[in-house]
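What the coordinates show
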Amino acid sequence: MSQHLAKLRLAGLVRGRREGTFVYYSAADVHVRALLDEALFHADHTDRDLPDHASGDLAAHAPTR
């Protein structure tokens, strides 16, 4: 996992913050965060075998933050 995160950091997709021997990663910006939100939404949708949204309506994906 750390090798994957390091490659994402080198690509500018995540930022790493070191605290002692730990590195905490976060999305580099709001665009990457939106991609991560969509990927997690898709994984949950697939895992629970939910049907696709009618007419490609992505409004259901809007974060509730």
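A look at the confidence of the model for the protein chain
Low-pLDDT stretches of the model should not have their predicted coordinates read in fine detail. Overall, the predicted model of the protein chain reaches an average pLDDT of 86, with 82% of residues at or above 70. Per-element mean pLDDT across the protein chain ranges from 91 in helix α2 (residues 30-47) up to 94 in strand β1 (residues 14-19).

Brief notes about the side chain of His45
As for its position among the elements, His45 is in helix α2. Ignoring sequence-local partners within four residues, the contact set of His45 consists of Leu50, Pro51 and His53.

A closer look at the pairing of β1
Sheet topology places β1 next to strand β2 (residues 22-27); six bridges connect them, and they run antiparallel. The partner of Arg18 across the bridge, within β2, is Val23.

A closer look at the pattern of salt bridges
As enumerated under the stated definition, the model contains three salt bridges in all. Where Arg17 meets Glu19, a salt bridge forms, and the shortest distance between an N and an O atom there is 2.1 Å. Taking relative accessible area as the criterion, Arg17 reaches 45% and is therefore assigned partly exposed. On the basis of relative accessible area, Glu19 is assigned to the partly exposed category, the value being 42%. Linking Asp37 and Arg33 is a salt bridge whose minimum nitrogen-to-oxygen distance equals 3.0 Å. Taken together, the residues span about one helical turn, with Asp37 and Arg33 both in helix α2 at a distance of four residues. Asp37 gets classed as buried once you look at its relative accessible area, which sits at 19%. Classification of Arg33 as partly exposed rests on a relative accessible area of 38%.

Focus on unusual backbone geometry
A positive phi is found at Asp49, a non-glycine position, where the angle reads about 55°. Among the secondary structure elements, Asp49 is positioned in the segment after α2. For Asp49, a relative accessible area of 68% gives the class exposed.

Scoring rules and cut-offs
Residues numbered from 1 in each chain as written. Predicted model: local features only at pLDDT ≥ 70, side-chain atom pairs only at ≥ 80, totals over all residues. Heavy atoms only, no water. pLDDT = per-residue confidence, 0-100. Helix = DSSP H or I, 4+ residues; strand = E, 2+ residues; numbered from the N terminus. Contact = heavy atoms within 4.5 Å. Pairing = 2+ DSSP bridges. Salt bridge = Lys/Arg side-chain N within 4 Å of Asp/Glu carboxyl O. Buried < 20%, exposed > 50% of the residue type's maximum accessible area, 1.4 Å probe, protein only.

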